[in-house]
Amino acid sequence: MIYLQIAANGLVLGGLYACIAVGFSLVWGVLNVINILHGTFIVLGSYIAYFAYVHAGIHPFVSVVLAGAALYLLGHAIQAGFINRVIAAPVLITLTLTFGLDLILNNAMLVAFTADYRSINLARPLGSVEIGPVFLPGDRVAAMALALLLTVLLYRLLRDSRIGRAIVAVRMDREAAALMGVDVKRINAITFAIGALMAGAAGALLSIIFPISPLNSATFLGKAFVVCVLGGLGSVPGAMVGGLVLGMVESFGSYWMGPEHAVTISFALLLVLLFVRPSGLLGRRGYE
Amino acid sequence: MRHWIALAILALLLAALPLAGNNYLLRLATIVCMYAVMAQSWNFIGGLAGYPSFATAAFFGFGAYTSAILQNQGVPMIFGWGVAGLASMAFAALIGGAILHLRGHYFAIASLIIAEMLREIVNTTPDLTGGGMGLNLPILRLSVTAQAQFFFYAMLALAVLCMAVAIVIHHGKLGFGLRCIQQNEDAANMLGVNTYAYKTAAFSLSAVFVGMAGAIYASWVNYIEPPDVFDVLLAVKPLVMVLLGGLGTVYGPAIGSVILLSFEEFVWRNLLTIHAAALGVIIVVLVLFLPNGILALLRERFGRRGA
Amino acid sequence: MLAENRSRRLVSAMVAAGIAAALGGSPVFAQDVVKVGAPLPLTGPLSPEGLKQKRGYDLWAEVANSKGGIKAGGKTYKVEIVYTDYASNTPRAVQSAERMITEDKVSFLFAPFGSGATKASSAVAEKYGIPMLAPTASSAEVYDQNYKFLFGTLTPNNTVSEPIARLVTEKNKDVKRVAILARNDLFPLAVAQAFEKAAKERGLEVVTFERYAIGTMDHSAAITQMRAARPDWVYASGYINDLILIRKQMNDLGLRPLVLTMIAGPAYQEFAKAVGPLAENITSMSWWHPAVRYKGKDVFGSTEAFNAAWAKKYGGEADYVEASSAADGAILQLAIEMAGTIEPRKVRDAIAALDVETFYGRVKFGPSGQITSLEPPVFQLQGGKPVVLWPDAIKQGELRFLSR
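None of these values were measured; they are calculated from a predicted model.

1. Re the overall build of chain B
Step number 1: Of the regular secondary structure elements, chain B holds 15 helices and 2 strands.
Step number 2: Taken over the C-alpha atoms alone, chain B extends approximately 55 × 45 × 40 Å along its principal axes.
Step number 3: Within chain B, residue pairs in contact and separated by at least 24 positions form 77% of the contacts whose partners lie at least 6 positions apart.

2. Notes on the overall build of chain C
Step number 1: For chain C, the count of helices and strands is 12 helices and 15 strands.
Step number 2: Computed over C-alpha atoms, the radius of gyration of chain C comes to 23 Å, within 12% of the 22 Å expected from 2.2 N^0.38 for 404 residues, which places it in the range of a compact globule.
Step number 3: Taken over the C-alpha atoms alone, chain C extends approximately 70 × 65 × 40 Å along its principal axes.
Step number 4: Burial statistics for chain C: of 404 residues in total, 58% are counted as buried.

3. Thoughts on the interface of chain B and chain A
Interfaces are often sized by the amount of accessible area the parts lose when they come together.
Step number 1: Listed by partner, the interface residues are 33 residues for chain B and 34 residues for chain A.
Step number 2: Of all elements in the fold, only α4 (77-99), α5 (104-123), α12 (233-245) and α14 (275-289) of chain B reach the threshold of two or more residues within the side of chain B that touches chain A.
Step number 3: A per-element tally of the side of chain B that touches chain A places α5 of chain B first, with 12 residues.
Step number 4: The residue inventory of the side of chain B that touches chain A, partitioned by class, reads 23 nonpolar, 7 polar and 3 charged.

4. Observations concerning the sheet that holds strand β6 (residues 150-152) of chain C
Two strands in a sheet stick together by hydrogen bonds in their backbones, pointing the same way (parallel) or opposite ways (antiparallel).
Residue and element names in this part refer to chain C.
Step number 1: In spatial order, the strands read β2-β3-β1-β4-β5-β6; together these 6 strands make up an open sheet with mixed pairing. Edge positions in the open sheet fall to β2 (70-72) and β6, since each of these has one partner strand only. With direction set aside, neighbouring strand axes in the sheet form an average angle of 30°.
Step number 2: Summarising the sheet, β2 and strand β3 (residues 75-85) pair through 3 bridges and their orientation is antiparallel. The partner of K71 across the bridge, within β3, is T76.
Step number 3: Strands in contact with helix α2 (residues 47-66) are β1 (33-40), β2, β3 and β4 (108-110); relative to β3, the strand with the most contacts, it is inclined by about 165°.
Step number 4: Packing against the sheet, helix α3 (residues 90-102) makes contact with β1, β3 and β4, and its axis sits at approximately 165° to β1.

5. Looking at unusual backbone geometry
Step number 1: Residue A264 of chain C is reached from I263 of chain C by a cis peptide bond, and omega for that bond is 20°.
Step number 2: Examined against the element boundaries, A264 of chain C turns out to sit in the loop between β10 (259-263) and α9 (269-275).
Step number 3: The amide bond that connects W390 of chain C to the next residue, P391 of chain C, takes the cis arrangement and shows omega of 5°.
Step number 4: If you trace the backbone, P391 of chain C turns up in the segment after β15 (385-390).
Step number 5: Unusually for a residue other than glycine, N222 of chain B sits at a positive phi of about 65°.
Step number 6: With phi around 65°, N281 of chain C is a residue other than glycine that occupies positive phi space.
Step number 7: Along the chain, the position of N281 of chain C falls in the loop between α9 and β11 (282-285).
Step number 8: What makes N281 of chain C partly exposed here is the crowd of 17 C-beta atoms within 10 Å.

6. Side note on the interface of chain C and chain A
Step number 1: Facing 30 residues of chain C, the contacting portion of chain A comprises 28 residues.
Step number 2: Here the side of chain C that touches chain A is composed, by residue class, of 13 nonpolar, 12 polar and 5 charged.

7. Comments concerning the sheet that holds strand β9 (residues 233-237) of chain C
Residues and elements named next belong to chain C.
Step number 1: Taken together, the 7 strands give an open sheet; going across it, the order is β8-β7-β9-β10-β11-β14-β15, and neighbouring strands pair in mixed fashion. The open sheet has two free edges, formed respectively by β8 (205-212) and β15, since each of these has just one partner strand. Pairwise comparison of adjacent strand axes, ignoring direction, gives a mean angle of 25° for this sheet.
Step number 2: Relative to β10, β9 is paired through 5 bridges, and the arrangement is parallel. Counterpart to W233 in the pairing with β10 is V259.

8. A word on the domain arrangement of chain C
All names here are of chain C.
Step number 1: By domain assignment, chain C separates into domain 1 (33-155 + 291-364) and domain 2 (158-286 + 377-394).
Step number 2: Distance between the C-alpha centres of domain 1 and domain 2: 29 Å.
Step number 3: The interface is formed by 12 residues belonging to domain 1 together with 11 residues belonging to domain 2.
Step number 4: Per-element accounting of the side of domain 1 that touches domain 2 gives the leading share, 3 residues, to helix α4 (residues 114-128).
Step number 5: Here the side of domain 1 that touches domain 2 is built from residues that sort into 3 nonpolar, 7 polar and 2 charged.

9. Examining the nonpolar core
Step number 1: Formed by 358 residues in total, the largest nonpolar core has its most connected members in V37, L158, A213 and I216 of chain B together with L109 of chain C.
Step number 2: When residues of this core are assigned to domains, at least three map to each of domain 1 (33-155 + 291-364) and domain 2 (158-286 + 377-394) of chain C.
Step number 3: Aside from chain neighbours lying at most four places away, what touches A213 of chain B is M34, V37, M38, F60, G63 and L158 of chain B.

10. As for the packing of helix α2 (residues 23-48) of chain B against helix α13 (residues 252-270) of chain B
Residue and element names in this part refer to chain B.
Step number 1: Close contact between α2 and α13 brings their axes to 8 Å; oriented N to C, the two are set at 135°. The angle between α2 and α13 falls in the class oblique. Crossing hand, α2 versus α13: right-handed. For the pair α2 and α13, contact is made by L28, I31, V32, Y35, A36, A39, Q40 and N43 and by P253, A254, G256, S257, V258, L260, L261 and E265, respectively.
Step number 2: Tallied by class, residues from the contact of α2 with α13 come to 11 nonpolar, 4 polar and 1 charged.

11. Some words on the pairing of strand β12 (residues 355-358) of chain C
All names here are of chain C.
Step number 1: Both β12 and strand β13 (residues 361-364) contribute to a ladder of 4 bridges, which runs antiparallel. In the sheet register, T358 faces β13, and the bridge partner there is G361.
Step number 2: With antiparallel pairing between neighbouring strands as the criterion, β12 and β13 make up a hairpin whose turn holds 2 residues.

12. A short note on helix α11 (residues 320-339) of chain C
Since the α-helix packs 3.6 residues into each turn, any two residues three or four apart lie on the same face.
Step number 1: With 20 residues, α11 of chain C should reach 28 Å at 1.5 Å per residue; the first-to-last C-alpha distance of 28 Å fits that figure.
Step number 2: Just past α11 of chain C, the residue G340 of chain C takes up positive phi, approximately 75°.

13. Quick look at the packing of helix α3 (residues 56-72) of chain B against α4 of chain B
Residue and element names in this part refer to chain B.
Step number 1: Closest axis-to-axis distance for the α3/α4 pair is 8 Å, and the angle between their directions is 140°. Considered as vectors, α3 and α4 are oriented oblique to each other. Judged by the sense of rotation from one axis to the other, the crossing of α3 with α4 is right-handed. Taking contact as the criterion, the partners of F59, F62, G63, T66, S67, L70 and Q71 in α3 are, on α4, M77, G80, W81, V83, A84, G85, A87, S88, F91 and A92.

14. Notes on the confidence of the model for chain C
Residues and elements named next belong to chain C.
Step number 1: When the pLDDT values of chain C are averaged, the result is 87; 92% of them are 70 or greater.
Step number 2: When the criterion is pLDDT under 50, residues 1-5 qualifies, and its contacts beyond four places in sequence or with other chains add up to 0 contacts.
Step number 3: In this model residues 20-30 is a low-confidence stretch, pLDDT under 50, and it forms 4 contacts with partners more than four residues away in sequence or in other chains.
Step number 4: Listed scores for the predicted complex are pTM 0.84 and ipTM 0.83.

15. Considerations on the environment of K105 of chain C
Step number 1: Within the fold, K105 of chain C resides in the loop between α3 and β4.
Step number 2: In this structure, the C-alpha to C-alpha distance between K105 of chain C and G37 of chain C, residues 68 residues apart in sequence, is 8.8 Å.

16. Details of the confidence of the model for chain B
Step number 1: Mean pLDDT over chain B works out to 87, with 98% of the residues at or above the 70 mark.
Step number 2: Within chain B, the lowest mean pLDDT, 76, falls on helix α15 (residues 293-301) of chain B, and the highest, 94, falls on α3 of chain B.

17. A few points about α3 of chain C
All names here are of chain C.
Step number 1: Here α3 is 13 residues long and its end C-alpha atoms lie 19 Å apart, about the 18 Å a rise of 1.5 Å per residue gives.
Step number 2: Counting buried positions along α3 gives 12 out of 13 residues, so the element sits mostly inside the fold.
Step number 3: Among the residues making up α3, those that are buried are T90, P91, R92, A93, V94, Q95, S96, A97, E98, R99, M100 and I101.

18. Some remarks on the environment of Y235 of chain C
Step number 1: Mapped onto the secondary structure, Y235 of chain C falls in strand β9.
Step number 2: Here the alpha-carbon distance between Y235 of chain C and G296 of chain C, two residues 61 residues apart in the chain, equals 35 Å.

19. A word on the environment of K197 of chain C
Step number 1: Inspection of the secondary structure assignment puts K197 of chain C in helix α6 (residues 186-201).
Step number 2: In the structure, K197 of chain C is positioned 36 residues away from S161 of chain C in sequence and 8.9 Å away in space, judged by C-alpha atoms.

20. Structural notes on the pairing of β9 of chain C
Step number 1: Burial analysis of β9 of chain C places 5 of its 5 residues in the buried class, the great majority of the element.
Step number 2: On β9 of chain C, burial covers both faces: W233, Y235 and S237 of chain C on one face and V234 and A236 of chain C on the other are all buried.

What counts, and where the lines are drawn
- Residues numbered from 1 in each chain as written.
- Chains lettered and ligands numbered in written order.
- Predicted model: local features only at pLDDT ≥ 70, side-chain atom pairs only at ≥ 80, totals over all residues.
- Helix = DSSP H or I, 4+ residues; strand = E, 2+ residues; numbered from the N terminus.
- Contact = placed C-beta atoms within 7 Å.
- Rg over C-alpha atoms; globule rule 2.2 N^0.38 Å.
- Buried ≥ 20, exposed ≤ 12 C-beta atoms within 10 Å, placed from the backbone.
- Nonpolar A, V, L, I, M, F, W, Y, C, P; charged D, E, K, R; others polar.
- Pairing = 2+ DSSP bridges.
- Axes fitted to C-alpha atoms, helices over the stretch in contact; angles between N-to-C directions.
- Domains from an automatic or database assignment.
- Core = buried A, V, L, I, M, F, W, Y, C linked by C-beta atoms within 7 Å.
- Parallel < 35°, antiparallel > 145°, perpendicular 65-115°, else oblique.
- Left-handed = near helix turned anticlockwise from the far one by under 90°.
- Expected span 1.5 Å × (residues − 1).
- pLDDT = per-residue confidence, 0-100.

This is the structure:
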């Protein structure tokens, strides 16, 4: 019976992981840039939700829009100002650049907000839902549901809108897309901005679940990495699958081997996958 | 050759540093040597072969813990250092078998993950490694000044050795082969270069001296814990140093290590709360405006000379 | 081309400036001053704690200087604390400590935050013969090197484990099963192990003992496992962010023991604020509490005077980290005054010989350098405020149990 609870924990956790990773996966798959800033974007989204709640009483789920919009603008600016200049450069350069930018943004947040952990305590907390022997935490389930909604919206955007199709075209073959008249530079900027938007939105959703501090950004980034390699790059369904698998692996792994091994297990899984099937479970190969 | 003379002169000059009588200066110099070793080692796999490795932190920590564990079992210190270096090399060869077939981002991530995994393994085997509580090393029964000098000379010797190996490699067949791999690995393969063997050699080289540096560091500070020796910054800084000095050059890493340490000292003394951002600014400026490093800049300034 | 040249020139200028500045020196003061070095994590993960230590030191320096400074050997010394930020990076802490001794010429050191960094930098203090006072290192392992220059003002971990084990078992015989969740880190793990020992000695059954990795963001597996073991008492150790998350998830997953003890978050006001109504009836222990009442020979004079001075400068009440830090300053001052000099070795001997009452409690150091004379209070959060349950001399309320 306890396995039901463990599985439930894993699913809920997995949904959160998918939410964390989908923006990161998009940027990596389309621009071939590993955005080290992703974790920090998420934390920034959380802070926006926190301050909106504390000073204006805005519910964090509503702040998703606020945080998303703010991060979209920030992401666009960073891409146009910095990342665009090295877009065709080797991995070393782009990775180092985003690492350096992340140091700056994270430090700025530390100075502005201090490292003190902040929490949002909702006036009307969502409590727990008991289904038989299984407890489902209300806030996590609600966040997961909203995250799912957002990812479905993103998926539809990519499938149905012109911009979305242009993004997918660039992801599949940059040169061919350019030949077909797609303004690749503009698409790059928009994709990065969308990635940032998803990160900000995720941050707002997560703000009621995790304590908020710039110190969490590395943890979020680490999870995003693993989810992407698990699920494949640039693919929204991939991020979902990867997230769910990671959530389950961590939940059951923690149960069988002890919680202190949870992190090792996920990294070991990552290494095995890189060795065996680097394109991920859903098989979308990234750039080499 | 010119290089050997230059190296010998540099080594002699630095060896005279203790005469200045300042223990703190010696400490800084020891760190510069350590950084130089890490940067030069990274240059083998990152600069010559073009594989962006973030495994430096893994090798450093691996060497530190290997030596610390051995010393706590009674193994003499210098012997422990040697074993740490060899063990790191073997470890790199082993891991290389698993990840060197990856390219670009995937290789970068995989190499980064190794450090995280090692850190967790250390955390969860406290009986062997002290786990989260850290590990103590035996203190040398020497005066403070004597200790400072001893560890300075140890790091200096390691740095000189590493430089010497770099000079040999860069001008030899391995260096040439690695540069071919960086240009176009498939073509190199077709031309008969054993890319697998060469890459593994470069990766192992990037580990052996770093492992020893980790071991010397552990003995120097007498206490190590996982977040310190597996710190991700230890993986990023060698990269920055090599970029600063000049990717794939022999002296670039050494120059980069001096520059970076100087910046760090300046920032730590004057820009307390924003030191991380300051490093970030250096990185961004470096990547955007100076991707070929200081050496290329100087070369342009002062005209072309031989390599 | 031109733009490139310009940016290259900019970079060369920056590099040159950087090297020049790094070699620059620092100004020298000409006044009777006693310098104390305090390497602190002012940025990075431990910065909240580092800032607490700083507040404690600053209050002491301010109060000491406002009363004319430290009087020793016919001279009056102004207190000057030299700070550096080691960004929560232990090797940097050690480096900072050494630099303070060799460059800044400090005569004394306050230890960095936590057992790990304290242990690492105590080697430097010992090598140079500089007394180091440690306000935040409680694990006995920190003091097991036979050093003569390290002194700590937190009592060993078992002193924050045994009293509560005794208190709970005496109050309620139905509490039989204990589940422990410990962070895999020097202090939290040590304190959890001390508690396990104390619990077993009192006949309690330890049904689970789980460790969680540093940086864990989800405790559902551990909590689910604990719930399956049906514990009466849950004991969790970690830092404030871990404990906030654990408390919330316990509630989400329906883990409701009779007693919930957490170390060391509840000692801070931020914890109750972050956790809200879930903080009710959490028990904890801490090395000092504003409710204690001591009178002393130190520069503050009494706990009440200290609390008043604290409220005046910072508002609110101090927690044990802040008090321990201020106490280190006050203890140092007492030792200097007793020794009649600021010569490090003589002051070291004075510290070792101390047996004196202070606002912080009775101060007497054991042979290892760790303080042995404190009685850390047990307290419980009732109505969002900490209420002291033990020692009896300062008891403010009775132990309550959580509703099931």
